[in-house]
Every structure is written in structure tokens, then in C-alpha cells.
Amino acid sequence: MNLVRALEELKRQNLWIIGLDEHGQTDYDRFDFTGNCVLVLGREGAGLHELVRRTCDHLLRIPMAGGVSSLNVSAAGAVVLYEAFRQRRNAGNAPGALPAGAAASKPRKQKGLGS
């Protein structure tokens with residue numbers, strides 16, 4: 001199965017397809033990530049393939065300042081994924097999120113890098 005067919009299948013399962021592209025119409029921090037969505041990142045330098053770009057429901061961009069035109073794909077992905085996590089945590093939708101107003105008695109140890 002190629003990427004476009006996979007994205008179309010995800011759309012049929014009620015997921016929004018969000019492409020990250022330097023020519024996107026919306027800044028990433030103005031998009032609501034609290035719903036079900038898939039983030040698609042392009043190749044470094046070339047970005048998203050045109051057919052993949054047209055398959056996306058939304059194209060987001062990371063606004064850049066100064067002489068920097070774009071971030072490498074891993075940095076861009078990290079920025080946008082953190083924003084999605086931040087929004088979901090604030091909405092109470094993040095895995096392991098506490099209900100609003102609840103205080104943690106002991107920090108939860110989570111597996112991942114560095115643990």
C-alpha cells in the first residue's frame with residue numbers, strides 16, 4: 001500500500017490528515033490538535049510530494065524568523081508534536097493526563113528515552 005492510499009484509508013476512519021509544509025496556510029500553533037489526526041512530514045529539502053500534499057486536509061507551517069527558511073524534518077516534527085501534546089494535556093486528552101484541578105501525589109515514571 002502506498003502512502004496516499006494509506007492516508008485515504010485513515011480519512012475513512014475519521015482521522016484528519018495534517019501535512020507540515022513551509023508553504024502551509026495556517027501556523028501550526030493556531031491549529032486545534034485535540035481531535036484525531038495524523039501528522040505527515042515530508043523529505044528534507046523536497047518537502048511533501050505533491051500528491052501527498054493534495055491528500056492532506058490541512059497544511060500547516062512553522063513561521064520562521066531571520067534568515068532561516070525552514071527546520072530539518074526531525075526538529076519540525078518535534079515542534080509540532082510538542083504543540084499537539086501541549087494542547088491535549090491542557091484539554092485533558094493526553095495519555096496519563098490528570099483531570100483538571102487534580103494534583104499528583106507522586107510523579108509517574110514513564111518509559112522512554114533516558115529512562
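Every chain begins its residue count from 1, and numbering advances along the sequence as written. The model is predicted, so local features are restricted to residues of pLDDT at least 70 and side-chain atom pairs to those at 80 or more, both for listing and for counting; the totals for chains, interfaces and linings are taken over all residues. The side-chain values count all of the structure's non-hydrogen atoms but skip hydrogen atoms and water molecules.

### What about the side chain of E83?
Item 1. With respect to the secondary-structure elements, E83 resides in helix 3 (residues 73-91).
Item 2. Note on exposure labels: buried denotes an accessible area under 20% of the residue type's maximum, exposed denotes more than 50%, and partly exposed covers the range between, all computed with a 1.4 Å probe on protein chains only. The class of E83 is buried, set by a relative accessible area of 8%.
Item 3. A polar atom in the side chain of E83 sits 2.7 Å from the side chain of R86.
Item 4. The contact rule is simple, with two residues in contact once any of their heavy atoms fall within 4.5 Å. Dropping the residues within four chain positions of it, E83 is found in contact with Y28, D29 and F33. Where helices and strands are cited, they refer to DSSP runs of H or I of at least four residues and of E of at least two residues respectively, numbered from the N terminus. Side-chain atoms alone can form a polar contact between residues adjacent in sequence; in general such a contact is a pair of N or O atoms within 3.5 Å, and within protein one must be able to donate a hydrogen while the other accepts it.

### Describing the nonpolar core
Item 1. Counting 10 residues, the largest nonpolar core is built from I18, L20, Y28, F31, F33, L60, I62, A76, V80 and A84.
Item 2. Elements that contribute at least two residues to this core include exactly strand 1 (16-20) and helix 3.
Item 3. Top element by residues in this core is helix 3. It accounts for three residues.
Item 4. Setting aside residues up to four positions removed in sequence, I18 forms contacts with F31, C37, V38, L39, V40, C56, H58 and L60. Take the buried Ala, Val, Leu, Ile, Met, Phe, Trp, Tyr and Cys residues and link them wherever side-chain atoms come within 4.5 Å; each set so joined is a nonpolar core.

### Digging into the pattern of salt bridges
Should the charged atoms of two oppositely charged side chains come close, the side chains can pair.
Item 1. Any carboxyl oxygen of Asp or Glu within 4 Å of a side-chain nitrogen of Lys or Arg constitutes a salt bridge here. Under the criterion given, the structure shown has six salt bridges.
Item 2. Among the ionic pairs, D57 bridges to K11, the shortest N-O distance being 3.3 Å. A residue pair is termed long-range when its members are at least 10 positions apart, and D57 in the loop between helix 2 (50-55) and strand 4 (58-61) and K11 in helix 1 (residues 3-12) qualify at 46 residues.
Item 3. Its relative accessible area of 30% is what places D57 among the partly exposed residues.

### A short note on the pairing of strand 1
Item 1. In terms of residue burial, strand 1 counts as a mostly covered element, since four of its five residues are buried.
Item 2. Whether two strands pair comes down to DSSP finding at least two bridges between them. Both strand 1 and strand 3 (residues 37-41) contribute to a ladder of five bridges, which runs parallel. Residue G19 lies in a different strand from strand 3, and its bridge partner there is V40.

### Section: helix 3
Item 1. A rise of 1.5 Å per residue sets the reference length of helix 3, with its 19 residues, at 27 Å; its end C-alpha atoms lie 27 Å apart and thus fit the reference within 8%.
Item 2. Within helix 3 the residues assigned to the buried category are A76, G77, V80, E83, A84 and Q87. Across the axial projection of helix 3, the buried residues extend over an arc of 130 degrees, all falling on one side. Facing away from the buried surface of helix 3 by more than 90 degrees, the exposed residues are S74, L81 and N90.
Item 3. If you follow the buried residues of helix 3, they end up packed against strand 1 and strand 3.
Item 4. Looking one or two residues past helix 3, G92 carries a phi angle of roughly 80 degrees, positive in sign. Expected span, for any helix, means 1.5 Å times one less than how many residues it has. The arc in question is formed by the directions pointing from the helix axis toward the C-beta atoms.

### Topic: helix 1
Item 1. With a side-chain oxygen lying 3.2 Å from the backbone nitrogen of V4, the N-terminal cap of helix 1 falls on N2.
Item 2. N14 lies just past helix 1 and shows a positive phi near 65 degrees.

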